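Below are the chains, spelled out letter by letter.
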Amino acid sequence: MPIVDIRGLRKRFGANEVLKGIDLAVEAGEVIAIIGKSGSGKSTLLRCINGLETFDEGSLTVDGQALLHGNAGAMRSLRQHVGMIFQSFNLFPHLSVGRNVMLAPMQVKNRSADEAAKQARKLLERVGLADKFDARPDQLSGGQQQRVAIARALAMEPAVLLCDEITSALDPELVGEVLRVVESLAADGMTLLMVTHEMTFARKVADRIVFMHAGCVHEIGPPQAIFGAPKTPELQKFLASIGD
Amino acid sequence: MVDFTLWDILRNLGLAARWTVLLSLIAFAGGGLIGMALLVARVAKWPGAERAVAGYVQLFQGTPLLMQLFLAYFGLGLLGIDVSAWVAAALALTLYSSAFLTEIWRGCVASVPKGQWEASQALAMSLWEQLRHVIGPQALRIAIPPTVGFLVQVVKGTALASVIGFIELTKAGTMISNATFRPFTVYACVALMYFVLCFPISAWSRTLERKMHAHR
């Protein structure tokens, strides 16, 4: 059974239909890179998966659980299966790095402070920031902040991780440290869906590439096929435009 | 005729000022509680809350506090509820404060970046947990200077309670000036007392604001 199962998903912003019937099944452990022009609906699709955006038609299940808007209990339980990392990090500026990671497990999963702190230290070590537990987010570089955000998402032990252009706000020299962490997650078998502009990275790490165009999944397949032998003129044009 | 020394005037005004302080505290605390409840209703998007609270705020911001005091005092009387000047003044000032505070705080909540809501939502936190641990603490920092600033408005607003016969600083001033025939001296003392009450508060508000900007 797919871990993320999207069927006939449609979404409108007023008169503008941004998702025009998306079907996508993601198996556990798969790494999916979503590419496409801005405005093609790729971020909206990602944000539908954890209910940050509502959709108008279709169905979406994660780990066998249906996404039900307006049902706070169901959303809370679904969101515990889906972690998300944002372009702008969105760390909580009033909390230390350690507290950022500990907050949700303590509140949502009722972990004790000791347990949560132990887990946070382990996760911060995993993203290479073991010494930053007591630092404040604004004392960190962008790359470090994004790695804390990854640790914070992992603390909820999600089955699926959504990455929404997570390196787009970073200085070029900081992109690598974040991508290395993501790559290690992929190697550990985490299910990843990432919207990305890092084509080299997508080609190297992703199992399948989803090319979105005008609100549809226009072409989908393994990286070799998508980058090596694009079938549709739209994808050919897109790849040419980014010079890949 | 009894002779009033300046000391007598100041002493009597000082005694009456206690009621000004008490009324301010009641209005501020009560207004804070109601204002907070209205804020939560609005943020939680309870059905109809947005429009109801917006209407409530408009009502109190769009009419003079003096009229609100009259309505509380005479209006409740007309309804057959016998209210003392005390109760009417406390009620009117509490509602007045709640309308202003809820609006001030709504602005503070709105100024917390949207990404903070989304990040905490993505971590499966409930609305209450978001407000308590993520949005609240950040909004609070922004809210302190304008909230303290509004306290000054409340202190000065209590002067209007004198018109419904509540004996606070201003009313005491009127009574003393009627007895002493020295209105200028008496009202100068009254003004001084308000200044002594308000100046430290606004100075504190400015300090808080400076500190906040230093942190940014």
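Look above for the structure.
Here we summarise the structure given alongside this text. Along each chain, residue indices are assigned from 1 in the same order as the chain's sequence is written. Naming scheme: in the order in which they are written, chains are lettered from A and ligands are numbered from 1. Since the coordinates come from a predicted model, pLDDT governs what is reported: local features require at least 70, and pairs of side-chain atoms require 80 or more to be given and counted, while whole-chain, interface and lining totals use all residues.

1. Topic: the interface of chain A and chain B
Whether two residues are in contact is decided by their C-beta atoms, placed from the backbone, lying within 7 Å. The interface is formed by 17 residues belonging to chain A together with 15 residues belonging to chain B. Helix and strand definitions follow DSSP, with helices as H or I runs of at least four residues and strands as E runs of at least two, each counted in order from the N terminus. Elements that contribute at least two residues to the side of chain A that touches chain B include exactly α2 (72–79) and α3 (97–108) of chain A. Top element by residues in the side of chain A that touches chain B is α3(A). It accounts for four residues. Each residue gets one label: Ala, Val, Leu, Ile, Met, Phe, Trp, Tyr, Cys and Pro are nonpolar, Asp, Glu, Lys and Arg are charged, and the others, such as Gly, are polar. Across the side of chain A that touches chain B, the residue classes break down as nine nonpolar, six polar and two charged.

2. Some thoughts on the packing of helix α1 (residues 6–43) of chain B against helix α4 (residues 85–110) of chain B
All names here are of chain B. Closest axis-to-axis distance for the α1/α4 pair is 6 Å, and the angle between their directions is 45°. The pairing of α1 with α4 is recorded here as oblique in orientation. Both α1 and α4 take part in a crossing whose hand is right-handed. Residue composition of the contact of α1 with α4, by class: 14 nonpolar, eight polar and two charged. Axis geometry follows a simple rule: fit a line to the C-alpha atoms, using only the stretch in contact for helices, then measure angles between N-to-C directions, giving values from 0 to 180 degrees. Throughout this description, any angle smaller than 35 degrees is read as roughly parallel, any larger than 145 degrees as roughly antiparallel, any in the 65 to 115 degree range as roughly perpendicular, and the remainder as oblique. With the far helix as reference, a near helix turned anticlockwise by less than a right angle produces a left-handed crossing, and one turned clockwise produces a right-handed crossing.

3. Let's talk about the environment of Leu45(A)
Residues and elements named next belong to chain A. Mapping Leu 45 onto the fold places it in helix α1 (residues 42–49). For Leu 45, a count of 28 C-beta atoms within 10 Å translates into the label buried. Placed 162 residues apart in sequence, Leu 45 and Asp 207 show a C-alpha to C-alpha distance of 19 Å. When sequence neighbours within four positions are dropped, the list of residues in contact with Leu 45 reads Leu 19, Ile 22 and Ile 34. Exposure is read from a count of other C-beta atoms within 10 Å of each residue's own; the residue is exposed at 12 or fewer, buried at 20 or more and partly exposed in between. C-beta atoms are placed from the backbone.

4. As for the packing of helix α5 (residues 114–122) of chain B against helix α6 (residues 127–157) of chain B
Residues and elements named next belong to chain B. Orientation of α5 relative to α6, taken along the N-to-C sense of each, is 160°, at an axis distance of 11 Å. Taken as axis vectors, α5 and α6 run roughly antiparallel relative to one another. Helix-helix and strand crossings are classified by hand; for α5 and α6 the assignment is right-handed. For the pair α5 and α6, the contacting residues are Gln 116, Trp 117, Ser 120 and Gln 121 in the first and Gln 130, Val 134, Ile 135 and Gln 138 in the second.

5. Observations regarding the sheet that holds strand β4 (residues 57–62) of chain A
Each strand in a sheet pairs with its neighbour through backbone hydrogen bonds, running either in the same direction (parallel) or in the opposite one (antiparallel). All names here are of chain A. Strand pairing is assigned whenever DSSP detects at least two bridges linking the two strands. Reading across from one edge, β2-β1-β4-β5 is the order of the four strands in this open sheet, with antiparallel pairing throughout. Each having just a single partner strand, β2 (16–26) and β5 (65–66) make up the two edges of the open sheet. By the bridge criterion, five bridges tie strand β1 (residues 4–13) to β4 in an arrangement that is antiparallel. From the neighbouring strand, Val 4 faces β4, where its bridge partner is Val 62.

6. Considerations on the environment of Arg182(B)
Residue and element names in this part refer to chain B. If you trace the backbone, Arg 182 turns up in the loop between α7 (169–180) and α8 (183–215). Judged by the 15 C-beta atoms lying within 10 Å of it, Arg 182 is partly exposed. In sequence terms Arg 182 and Phe 4 are 178 residues apart; their C-alpha atoms lie 9.7 Å from each other.

7. Brief notes about the sheet that holds strand β8 (residues 191–195) of chain A
Residue and element names in this part refer to chain A. Within the open sheet, the six strands sit side by side as β6-β7-β8-β3-β9-β10. Their pairing is mixed. Bordering the open sheet on either side are β6 (82–85) and β10 (216–221), each of which pairs with just one other strand. Ignoring strand direction, the axes of neighbouring strands in this sheet form an average angle of 20°. Judged from the five bridges that link them, strand β9 (residues 208–213) and β10 form a sheet pairing that is antiparallel. From the neighbouring strand, Met 212 faces β10, where its bridge partner is Val 217. Against the sheet, α1 engages β3 (31–36), β6, β7 (160–164), β8 and β9, with an angle of about 145° to β8.

8. Digging into the environment of Leu197(B)
All names here are of chain B. Inspection of the secondary structure puts Leu 197 in helix α8. Residue Leu 197 is classed as partly exposed on the basis of its C-beta count, with 19 C-beta atoms lying within 10 Å. Along the backbone, Leu 197 and Gln 61 are 136 residues apart, and their C-alpha atoms lie at a distance of 24 Å. Ignoring sequence-local partners within four residues, the contact set of Leu 197 consists of Val 21 and Val 155.

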